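# Chains, contacts and geometry: an overview
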Amino acid sequence: MDIAVIGAGSWGTTLANLLAKKKHKVTLWIYERDLAARIVTSRENDLYLPGFPLSPQLRFTADLEEAVRGRQLILLVPPSQVMRQVVSGISGWIGEETLLVSASKGIENDSLQTMAEVIGECLGSKNRKRLTFLSGPSFAREVAAEMPTAVVAASSDGQAAATTQEVFSTPYFRVYTNDDVMGVELGGALKNVIALAAGVSDGLGFGYNTRAALITRGLAEMNRMGLALGANPATFAGLAGMGDLVLTCTGDLSRNRTVGMELGRGRTLAEILAGMKMVAEGVKTTLSAYQLACRLGVDMPITEQMYRILYENKDPRQAVTDLMLRGLKAEAA
Ligand SMILES: NC(=O)C1=CN([C@@H]2O[C@H](COP(=O)(O)OP(=O)(O)OC[C@H]3O[C@@H](n4cnc5c(N)ncnc54)[C@H](O)[C@@H]3O)[C@@H](O)[C@H]2O)C=CC1
Ligand SMILES: O=C(CO)COP(=O)(O)O
């Protein structure tokens, strides 16, 4: 297949390389022109995926039109807050039959829209049915190292999901189909908020009990948001829900959990972000998720405390105390 990958961060580069190794014809669009110039000769993404030689099949460009025009499949992997800008920029060059796959995880600020809603709005009626969302527990560096990984491809169109499954599956990357786009997207976006909280807990020096409580009660509030937005509760028990939540709340490779740990150790958000070139999607998604929960009247206490730590400079220790001292209730309530 003739494929464009939009976004050469760690995930875009990893997926582009996976597809190229499968002998697809892949063009990777790179936002940073200096990185684009280096990668052509070094064949390594020294900024976002150092240490992994890239397939000789992989082609690179810093020109968006060159990247997307005439492609059969376009994989979108920018940070979610720039998805609108990216898709608006390319929509005129996308063919009627082109399959679009998004692998970004987040909820847009201000509009409070999921990536499906943002991309759908940018495309109008065009390609709407041919949209798939790839999500699940998948640290880029582990996929790049060909460690066995399982993810889901979600689409309201069964054929689009099946084609995506076929295109991306390898012996080390197993793709399941799913028809619950809202559930899969919410799982991928909201787990980052809970991962920040799990990091805060670790940074404060709390242990496995606290982490297990955050994961389990975090899943409960993700489920409540899902119910309010029409997601299938079963999705939250799957790879894009529980699977990614456990990975991100426990894995040392998680950027979101790392940001949380630093907050728990007493550093400010501004200091932490100033030292990071990669994106920790949970920071901005916390704001969107908190506002969405308020708008929909969904009880999301961990998300709320994470919002207060990030956006109101609340002391993390006080946030934990406030979570623990809320009114006592039944587990299923
Ligand atoms: N890294 C991972 O293990 C995984 C990441 N994801 C998701 O993939 C998406 C992309 O994340 P990563 O590849 O990790 O990124 P990254 O954190 O490795 O790199 C940042 C990316 O943002 C791009 N960027 C920055 N400003 C931009 C702009 N104004 N316009 C266009 N691009 C811009 C950079 O070029 C770079 O590609 C995120 O939504 C993330 O949650 C999903 C699964 C795994
Ligand atoms: O989404 C991910 C793994 O599935 C990556 O998580 P982080 O963005 O926290 O590194």
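Residues numbered from 1 in each chain as written. Chains lettered and ligands numbered in written order. Predicted model: local features only at pLDDT ≥ 70, side-chain atom pairs only at ≥ 80, totals over all residues.

### Looking at the site of ligand 2
Here is the rule we go by: The rule is simple: place the C-beta atom from the backbone, and if it lies within 6 Å of a molecule or strand, the residue is near it. What counts as a helix is a DSSP run of H or I of at least four residues, what counts as a strand is a run of E of at least two, and both are numbered from the N terminus. Note that Gly is not counted as nonpolar here; it falls among the polar residues with everything else outside the nonpolar set of Ala, Val, Leu, Ile, Met, Phe, Trp, Tyr, Cys and Pro and the charged set of Asp, Glu, Lys and Arg. Throughout the structure description, domain borders are defined by an automatic or database domain assignment.
What surrounds ligand 2 is a group of 13 residues, the closest being S138, D244, S254, R255 and N256. If you list the elements that add at least two residues to the shell around ligand 2, you get α8 (181-203), α11 (239-250) and α12 (255-264). If one sorts the elements of the shell around ligand 2 by residue count, α11 sits on top with three residues. Considered class by class, the residues forming the shell around ligand 2 number four nonpolar, five polar and four charged. Two domains each provide a minimum of three residues to the shell around ligand 2, namely domain 1 (2-179) and domain 2 (189-325).

### Overview of the domain arrangement of the protein
Stated formally: In this description, a residue-residue contact is defined by the distance between C-beta atoms placed from the backbone, which must lie within 7 Å.
Assigned domains within the protein: domain 1 (2-179) and domain 2 (189-325). Here domain 1 and domain 2 have C-alpha centroids that lie 25 Å from each other. Facing the 24 residues of domain 1 at the interface are 22 residues of domain 2. Listed by contribution, the elements that provide at least two residues to the side of domain 1 that touches domain 2 are β7 (149-154) and β8 (173-178). Per-element accounting of the side of domain 1 that touches domain 2 gives the leading share, three residues, to β7. Here the residues of the side of domain 1 that touches domain 2 sort into 11 nonpolar, 10 polar and three charged.

### Quick notes on unusual backbone geometry
Despite not being glycine, D110 shows a phi value in the positive range, around 70°. In this fold, D110 is placed in the loop between β5 (99-102) and α5 (115-123). Not every positive phi belongs to a glycine, and L112 is a case in point at roughly 60°. Along the chain, L112 falls in the loop between β5 and α5.

### A closer look at the site of ligand 1
Surveying the vicinity of ligand 1 reveals 25 residues, the closest of which are G9, W11, Y31, A140 and M278. Top element by residues in the shell around ligand 1 is helix α1 (residues 10-21). It accounts for three residues. Looking at the shell around ligand 1 residue by residue, the class counts come to 14 nonpolar, eight polar and three charged. Shared between two domains, the shell around ligand 1 holds at least three residues of each, these being domain 1 (2-179) and domain 2 (189-325).

### Structural notes on the pairing of strand β6 (residues 131-135)
For clarity, the cut-off: Burial is judged by counting other C-beta atoms within 10 Å of a residue's own C-beta: 20 or more means buried, 12 or fewer means exposed, and anything between counts as partly exposed, with every C-beta placed from the backbone. Paired strands, in this sense, are two strands between which DSSP finds at least two bridges. Looking down the strands as they point away from you, a crossover is right-handed if its path from the first strand over the helix to the second goes clockwise.
Among the five residues of β6, five are classified as buried, and the element is accordingly described as predominantly covered. Neither face of β6 is left uncovered, since the one carrying L131, F133 and S135 and the one carrying T132 and L134 both have all their residues buried. Where β5 meets β6, three bridges bridge the pair, whose relative direction is parallel. Of the residues in β6, the one forming a bridge with S102 is F133. Assessed by its sense of winding, the connection that carries the chain from β5 through α5 to β6 is right-handed.

### Description of the UniProt feature "binding site: NADPH" (unreviewed entry) in the protein
Counted only if it meets this: UniProt positions are given in the numbering used here, feature names are shortened, and annotations may be inferred rather than shown by experiment.
As annotated by UniProt and renumbered to match this structure, "binding site: NADPH" (unreviewed entry) occupies S10, W11, Y48, K105, A140, R255, V279 and E281. One can find K105 in the loop between β5 and α5. By C-beta crowding, K105 is classed as buried, having 32 other C-beta atoms within 10 Å. One can find E281 in the loop between α13 (269-274) and α14 (282-296). C-beta crowding within 10 Å serves as the criterion here: with 24 such atoms nearby, E281 is assigned to the buried category. Not counting chain neighbours up to four residues away, the residues in contact with E281 comprise P79, S80, K105, G106, N192 and N256.

### Thoughts on the UniProt feature "binding site: NAD(+)" (unreviewed entry) in the protein
Residues given the UniProt feature "binding site: NAD(+)" (unreviewed entry) here are G7, A8, G9, S10, W11, G12, A140 and R255. Here G9 lies in the loop between β1 (2-6) and α1. Owing to 21 C-beta atoms within 10 Å, G9 belongs among the buried residues under this scheme. Not counting the four nearest positions on each side in its chain, G9 is found in contact with Y48, V77, M278 and V279. Relative to the helices and strands, S10 is located in helix α1. A count of 24 C-beta atoms within 10 Å places S10 in the buried class.

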